[in-house]
Amino acid sequence: MTLLNMIVIDDYVFSVIIAGFVIVIVILFSTFRRRKFGENDSGLIRTEVIRSSDDGDSDHIDVIVVGAGVAGAALAHTLAKDGRRVHVIERDLSEPDRIVGELLQPGGYLKLMELGLEDCVGDIDAQRVVGYGLFKDGKNIKLSYPLEQFTSDVAGRSFHNGRFIQKMREKTASLPNVRLEQGTVTSLLEEKGVVKGVQYKTKNGDELKAYAPLTIVCDGCFSNLRRSLCSPKVDVPSHFVGLILENCQLPFSNHGHVILADPSPILFYQISSTEVRCLVDVPAGQKLPSIANGDMAKYLKTVVAPQVPPEIFESFVAAVDKCNIRTMPNRSMPATPQPTPGAILMGDAFNMRHPLTGGGMTVALSDIVILRDLLRPLKNLNNSEALCKYLESFYTLRKPVASTINTLAGALYKVFCASSDDAHKEMREACFDYLSLGGECSNGPVALLSGLNPRPLSLVVHFFAVAVYGVGRLLLPFPSPQRLWLGVRLLTGAAAIIFPIMKAEGLRQMFFPATVPAYYRRLQVR
């Protein structure tokens, strides 16, 4: 075991050297960019100017927000607090009833605090989440979030998604400069390539039009407007089967639970003081059993139930017997924006990842903070062309955080799924044992998972540290040609998992955002 630890340590020393090299390259590129674009007397990069002018029309709307889910409600509240007049159009203002969007990672909670919305998890019976329990083949490990440097209130939160959204809607609607309306947006209104507003149908069936300098589309994963603003490449890697277990005591209180089952992971986490959410993943390559004819209940009892921890077996079977079973597709979609004057995409309409890691709300809230900071210096948003060019920086500034969380979700899901391939089995086992080592081997990956340290280089270092650890186990105590070949396949398999995901996310923006010209755009308001 000592030699094994030395292998891991050597890998970290090597990674530190690589990190230093990358930092030097980024600094050189940054210097080159500054010299190329030039600086003005005030030290700002020369760029287009967005002019401000007074607008005396009290009925004028600054921003239309399509959708009042987590992203839409939080964004509308944030922009309104900055003095914008916001018109929010939501298809259904009744309380949503979903089986995902119920776990907010600590990194997302910090963004919620930054937006002044942390009280929205109060009075909804939300549960604190301070880590994860990982289960595999009768073994388990307890992984805690690295929260030592934060105040006692900082932790993850799990809750009923609908209750959380309703609290945010109520808080947003309480602002005098917000108009929250129920209606279905049917199309964007364009004029000479510039989005001027939206056409929508009210709940009474009336067809109306609304106009604003900026329209932000946050209409969720089933968006019918995203094709006008991006080139979506939606993938459905699996489905979740959702259940609620009642009066069930989980093995680790205030922890999410991940079972590395066959064929794919099972999740358990508390969503209220008396309810536990269970999500059973069914991979895309496997036919989803029918709920109506009883095949799903049979599958859950015969295939899934024997793999859940014995402490919750009876509660799981009881939940299946109640037949309150729901399914939903898990979608992933890298952000592929087409900058359009007068409009921008946000939330799941813009970017999705596998929900295994619960990172969706963290990405959405982080994006809102970035967009708020970019819009804050603007007095108004009337110059759509200049605003569109200026906001191209948003797509670059969000990449390191969003792409890290997205890549982790996709890579971890692939590693955690069972496989008949020996190299994949070794990678899955190595991941579990690597996290069991403790110290930085668990703190680093959990910091990534929690959104507290969403850094691309850290993700790559830990991912390949797991692979190297797996190879080291294969070569000890004595290597053989068969084990050596298996080690090679393990390394190439690891690369085949993570590199396509990072490529889809955009390697340059993810690792070298400072080399992208839009990164240096600054605003001069006059």
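About the criteria used
Residues numbered from 1 in each chain as written. Predicted model: local features only at pLDDT ≥ 70, side-chain atom pairs only at ≥ 80, totals over all residues. Heavy atoms only, no water. Axes fitted to C-alpha atoms, helices over the stretch in contact; angles between N-to-C directions. Helix = DSSP H or I, 4+ residues; strand = E, 2+ residues; numbered from the N terminus. Left-handed = near helix turned anticlockwise from the far one by under 90°. Contact = heavy atoms within 4.5 Å. Nonpolar A, V, L, I, M, F, W, Y, C, P; charged D, E, K, R; others polar. Salt bridge = Lys/Arg side-chain N within 4 Å of Asp/Glu carboxyl O. Buried < 20%, exposed > 50% of the residue type's maximum accessible area, 1.4 Å probe, protein only. Polar contact = N/O pair within 3.5 Å; in protein donor to acceptor, adjacent residues only side chain to side chain. Phe/Tyr/Trp six-rings, centres within 6.5 Å; stacked < 30°, edge-to-face > 60°. Lys NZ or Arg CZ within 6 Å of the ring centre and 35° of its normal. Core = buried A, V, L, I, M, F, W, Y, C linked by side-chain atoms within 4.5 Å. Pairing = 2+ DSSP bridges.

**Q** What should I look at first to understand the packing of helix 3 (residues 106–114) against helix 7 (residues 360–375) in this one?
**A** To describe two helices that pack against each other, one gives the angle between their axes and the distance between the axes. Running from N to C, helix 3 and helix 7 point in directions that differ by 35°, and their axes come no closer than 8 Å. Seen along the crossing, helix 3 lies across helix 7 with a hand that is left-handed. On the side of helix 3, the interface is formed by Gly107, Gly108, Lys111, Leu112 and Glu114, while helix 7 contributes Thr362, Leu365, Ser366, Val369 and Arg372. Per-class residue counts for the contact of helix 3 with helix 7 are 3 nonpolar, 4 polar and 3 charged.

**Q** Before we go on, may I ask you to explain the pattern of salt bridges in this structure?
**A** Should their charged atoms come close, side chains of opposite charge can pair. All chains considered together, the criterion is met by 23 salt bridges. A salt bridge links Lys111 to Glu114; its shortest N-O distance comes to 3.8 Å. Of this pair, Lys111 and Glu114 both sit in helix 3, separated by 3 residues, roughly a single helical turn. Between Arg353 and Asp348 there is a salt bridge, with the nearest N and O atoms lying 3.7 Å from each other. Owing to a relative accessible area of 27%, Asp348 belongs among the partly exposed residues under this scheme. Beyond isolated ion pairs, a larger network of salt bridges with shared partners links Lys111, Glu114, Arg372 and Asp373.

**Q** I would appreciate a short explanation of the side chain of Asn330 in the present structure.
**A** By secondary structure assignment, the location of Asn330 is in strand 16 (residues 326–332). When its relative accessible area of 0% is taken as the criterion, Asn330 is described as buried. At 3.5 Å, the side chain of Asn330 and the side chain of Asp281 are in polar contact. Those residues in contact with Asn330, other than ones at most four positions away along the chain, are Asp235, Val236, Pro237, Ser238, His239, Phe240, Asp281, His354 and Pro355.

**Q** Would you mind showing me how to read the packing of aromatic side chains here?
**A** Each aromatic ring pair is summarised here by two numbers: the centre-to-centre distance and the angle between the ring planes. Summed over the entire model, instances satisfying the criterion amount to 9 aromatic pairs. In this structure an aromatic cluster arises from ring pairing among Phe350, Phe394 and Tyr395. In this arrangement the basic side chain of Arg157 is found over the ring face of Tyr109, its NZ or CZ atom lying 4.4 Å from the centre.

**Q** I keep staring at unusual backbone geometry and nothing clicks. Help me out?
**A** Omega for the peptide link from Asp262 to Pro263 comes to 15°, which places this bond in the cis form. Following the sequence through the fold, Pro263 ends up in the loop between strand 13 (255–259) and strand 14 (266–270). Cis geometry marks the peptide bond from Leu476 to Pro477; its omega dihedral reads 0°. With respect to the helices and strands, the residue Pro477 is situated in the loop between helix 13 (456–475) and helix 14 (481–505). Despite not being glycine, Asp125 shows a phi value in the positive range, around 60°. With respect to the helices and strands, Asp125 occurs in the loop between helix 3 and strand 4 (127–129). Take Asp125: its relative accessible area is 33%, and that puts it in the partly exposed class.

**Q** So what exactly am I meant to see when it comes to the nonpolar core here?
**A** Counting 68 residues, the largest nonpolar core has Phe164, Val198, Ile216, Leu371, Leu375 and Phe394 as its most contacted members. Among the elements that take part in this core, helix 7 stands out by supplying 9 residues, more than any other. When residues no more than four places from it in sequence are discounted, the contact partners of Leu375 are Leu79, Arg84, Leu214, Leu381, Leu387 and Leu391. Judged by nonpolar contacts, the second largest core, of 58 residues, contains Val258, Tyr413, Cys417 and Leu435.

**Q** I keep staring at helix 12 (residues 440–449) and nothing clicks. Help me out?
**A** Because each turn of an α-helix spans 3.6 residues, side chains separated by three or four positions end up pointing in the same direction. Counting buried residues in helix 12 gives 8 out of 10 residues, a clear majority hidden from the surface. Regarding helix 12, the residues found buried are Cys441, Ser442, Gly444, Pro445, Val446, Ala447, Leu448 and Leu449. Just past helix 12, the residue Gly451 takes up positive phi, approximately 80°.

**Q** What should I look at first to understand the environment of Leu180 in this one?
**A** The topology assignment puts Leu180 in strand 8 (residues 178–191). It is 7.6 Å that separates the C-alpha atoms of Leu180 and Glu90, two residues lying 90 residues apart in sequence. The contact partners of Leu180, leaving out residues within four places of it in the chain, are Ala68, Val88, Leu93, Arg169 and Ala173.

**Q** Mind showing me how you'd approach the sheet that holds strand 7 (residues 156–158) here?
**A** Within a sheet, neighbouring strands are paired by backbone hydrogen bonds and run either parallel or antiparallel to one another. Pairing is antiparallel across the open sheet formed by 3 strands, whose spatial order is 3-7-4. At either end of the open sheet lies a strand with only one pairing partner, and these are strand 3 (103–104) and strand 4. Relative to strand 7, strand 4 is paired through 3 bridges, and the arrangement is antiparallel. Bridge assignment links Arg128 to a residue of strand 7, and that residue is Arg157.

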